[in-house]
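# Per-entry structural report
Read off the chains here:
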Amino acid sequence: MEKVREIAREGRRVAKEDPRRVVHSFKVGLVLALVSSFYYYQPLYDSFGVNAMWAVMTVVVVFEFSVGATLGKGLNRVAATLFAGGLGIGAHHLASMSGPTGEPIILAIFVFVQAALSTFVRFFPRVKARYDYSLLIFILTFALISVSGFREEQVVMLTHKRISTVIIGGLSCVLISIFVCPVWAGQDLHSLLASNFEKLSFFLLDFGDKYCEVVENDDTKEVDKRKKDFDNYKSVLNSKSNEESLANFAKWEPGHGQFRFRHPWKQYLAVGELIRQCAYRIHALNSYLNADNKVSIDIKKKLGEPLRRMSLESGKAMKEMSISLKTMTKPSSSDLHVQNAKSACKSLTNLLNSGILKEVEPLELVSLLTAISLLIDIINLTEKILESLHELASAAKFKNKIEQPLFSEKPKAKSFVSLRSIKCHDEHVVTIIEDDGNNHDTSKNDNRSKEVSIHEKHEDGDTHVHARCVSCGHSSVCDVVECR
């Protein structure tokens, strides 16, 4: 009884993990029930005889979870059966010309040569990736038709019945797979990459605070959830085989939803490879959170601000890329976060060059510099990932992201934007963006207002954005450069 309850719990867990598995099980049962009618319905059985079992066998071996996998297997099986059937008939005809004595010898030679060559070709990487199943069916069908044709007088009729039942079984699988609750491998690959981006972002968003030991008083449930999210990146480390199989299946799928036929699935693998490289760096970086040679809190406080910004901005870039992939929009906002991370990296480099680590113990120094080096490497990889995602967005024709306006506008109002760069007394360069909310209604000209956005660039490369001055509310930066 305990065993039954355990199986029931496991069944509920599997179904809850992905409800599509339950639907797929019903779909397989439906197709098998349909093709079994060839055996149960007498007129159909009279037409195909025992060869009707080939339709049942085809359903069992061809029907896969996704449309791409089913379509790929179905087309491979039908093509291999047709080709092998034709060759089998030819081999039988040639062997029969050698007389009763030579026929079995010639057939054995044909079977040996075909099986040996086909098996060798299966080792070719490109062939194995997409056509391994078709070669397997080719070997099987050729051997069965050649051997059974030796005892069967109407070998052409035998071949015709077997090919027909295989086509009927394969077509049934494909139609049910596409039109009844379809599961698209391309959509799964797309969602997997977006999820991987998000998992890396969870780590990077929290790493800075954890490493610099900035503790917050959160409730226990929230802490447990964040801890779980923090370790989610580990599933990205072993995602290669899953991504490659999904990409291979997606190539067989017709256009669906936002995914066109011949969608750039290869570029998804390029992005996925870079994400995994970043995950490996993150895995190495995670080990320094609980390292034996911990860096003193005083040193971490001195370097904490740029370190946290580096990690935080990288995490934000990953988060934005995840959202961009989910919505299939170009990742325009991620560029800013990458630039901010690089700016923080430059600030940290200036701090290190100032001699702040002169009195640090050698072992602590090695641990600290290794962690910083890994974080810098992650920032560089984030930039590469972003470039690769831009290429994917261009190839897949992602939509442009609709940016929300910074300032609300009145209907039928025209905005006139002007930019001015001013050098302040402390050598900071300030760019003032003025937005005049002019309106064609002359009765309201006296009430027009100005919106000002101030981009303040420091010598160290950092850029800070301030906003205000609605004629004139001021917001510092030399009182909006003395109200322009």
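Residues numbered from 1 in each chain as written. Predicted model: local features only at pLDDT ≥ 70, side-chain atom pairs only at ≥ 80, totals over all residues. Heavy atoms only, no water.

On to the overall build of the protein chain. In terms of regular secondary structure, the protein chain is built from 17 helices and four strands. Expressed as a percentage of its 484 residues, the buried residues of the protein chain come to 40%. In the protein chain, the share of contacts with a sequence separation of at least 24, taken over all contacts with a separation of at least 6, comes to 72%. In the form shown here, the protein chain has an accessible surface area of approximately 27,100 Å², with 59% of it arising from carbon and sulfur atoms. (Helix = DSSP H or I, 4+ residues; strand = E, 2+ residues; numbered from the N terminus. Buried < 20%, exposed > 50% of the residue type's maximum accessible area, 1.4 Å probe, protein only. Contact = heavy atoms within 4.5 Å. Areas by Shrake-Rupley, 256 points an atom, 1.4 Å probe, with all protein chains shown as cover.)

Attention now moves to the pattern of salt bridges. Per the counting criterion, the structure on display carries 16 salt bridges. A salt bridge links Asp188 to Arg20; the nearest nitrogen and oxygen atoms lie 3.0 Å apart. Of this pair, Asp188 sits in helix H10 (residues 185-211) while Arg20 sits in helix H2 (residues 20-35), and the two are 168 residues apart along the sequence. Judged by its relative accessible area of 31%, Arg20 is partly exposed. (Salt bridge = Lys/Arg side-chain N within 4 Å of Asp/Glu carboxyl O.)

This next bit is on the UniProt feature "transmembrane region" (unreviewed entry) in the protein chain. According to UniProt, the "transmembrane region" (unreviewed entry) feature falls on residues 21-40, 52-71, 105-124, 131-151 and 163-185. Helix makes up 95% of residues 21-40 and strand 0%. Its end C-alpha atoms lie 28 Å apart. Between the C-alpha atoms that bound residues 163-185 there is a distance of 28 Å. The span itself is 78% helix and 0% strand. (UniProt positions renumbered as here; feature names shortened; annotations may be inferred.)

Right, let's talk about unusual backbone geometry for a bit. One non-glycine residue, Cys181, lies in the positive phi region at around 45°. For Cys181, the position within the fold is in the loop between helix H9 (155-179) and H10. Taking relative accessible area as the criterion, Cys181 reaches 49% and is therefore assigned partly exposed. At Met328, a residue that is not glycine, the phi angle is positive and equals roughly 55°. On the secondary structure map, Met328 appears in the loop between helix H14 (297-327) and helix H15 (334-353).

Moving on to the environment of Phe203. By the secondary structure assignment, Phe203 is in helix H10. A relative accessible area of 0% means that Phe203 is categorised as buried. Distance in space between the C-alpha atoms of Phe203 and Ile282 is 8.0 Å, their sequence separation being 79 residues. Once residues within four sequence positions are removed from consideration, Phe203 is found in contact with Phe230, Tyr233, Ile282, Leu285 and Asn286.

A few words now on the nonpolar core. Membership of the largest hydrophobic core comes to 62 residues, with the highest contact counts inside it found for Phe197, Leu200 and Tyr211. Every element with two or more residues in this core is listed here: H10, helix H12 (240-250), helix H13 (265-286), H14, H15 and helix H16 (362-395). Here this core takes 13 residues from H16, the largest share from any one element. Judged by nonpolar contacts, the second largest core, of 16 residues, contains Val56, Phe138, Cys173 and Ile176. (Core = buried A, V, L, I, M, F, W, Y, C linked by side-chain atoms within 4.5 Å.)

Looking now at a nonpolar patch on the surface. On the surface, Ile105, Ile109, Phe112, Val113 and Leu117 cluster together into a nonpolar patch covering about 510 Å² of accessible area. You can call Ile109 partly exposed: its relative accessible area is 45%. (Patch = residues over 30% accessible without salt bridge, like charges linked within 9 Å, V, L, I, M, F, W, Y side chains within 5 Å.)

Two elements in contact, H14 and H16, have axes whose closest approach is 11 Å; the angle formed by their N-to-C orientations is 20°. The orientation of H14 with respect to H16, classified from their angle, is roughly parallel. Crossing of H14 against H16: the hand is left-handed. Here Ile299, Leu303, Leu307, Met310, Ser311, Ser314, Ala317, Met318, Met321 and Leu325 of H14 lie close against H16, whose contacting residues are Leu368, Ile372, Leu375, Ile376, Ile379, Thr382, Ile385, Leu386, Leu389 and Leu392. (Axes fitted to C-alpha atoms, helices over the stretch in contact; angles between N-to-C directions. Parallel < 35°, antiparallel > 145°, perpendicular 65-115°, else oblique. Left-handed = near helix turned anticlockwise from the far one by under 90°.)

Our focus in this paragraph is the packing of aromatic side chains. Using the criterion set out here, one finds nine aromatic pairs in the structure. Note on Phe120 and Phe124: the rings are 5.6 Å apart at their centroids and 80° apart in plane angle, and the pair reads as edge-to-face. Phe120 gets classed as exposed once you look at its relative accessible area, which sits at 53%. The lysine or arginine in question, Lys73, covers the ring of Tyr133, its NZ or CZ lying 4.9 Å from the ring centre. (Phe/Tyr/Trp six-rings, centres within 6.5 Å; stacked < 30°, edge-to-face > 60°. Lys NZ or Arg CZ within 6 Å of the ring centre and 35° of its normal.)

In this structure, Phe48 sits in helix H4 (residues 42-48). Judged by relative accessible area, which is 14%, Phe48 ranks as buried. Along the backbone, Phe48 and Met157 are 109 residues apart, and their C-alpha atoms lie at a distance of 10.0 Å. If we ignore the near neighbours within four places in the chain, the residues touching Phe48 are Phe38, Lys161, Ser164, Thr165 and Ile168.

This next bit is on the confidence of the model for the protein chain. Averaged over every residue, the pLDDT of the protein chain is 79; residues scoring 70 or more account for 77%. Mean pLDDT across the elements of the protein chain ranges from a minimum in helix H17 (residues 477-483), with 43, to a maximum in H13, with 94. Within the model, the stretch residues 405-484 combines pLDDT values under 50 with 132 contacts to residues more than four positions away or in other chains. (pLDDT = per-residue confidence, 0-100.)

Moving on, we come to the side chain of Ser314. Along the chain, Ser314 falls in helix H14. Overall, Ser314 belongs to the buried group, its relative accessible area being 2%. With residues up to four places along the chain from it excluded, the contact list for Ser314 reads Leu204, Ala341, Ile379 and Thr382.

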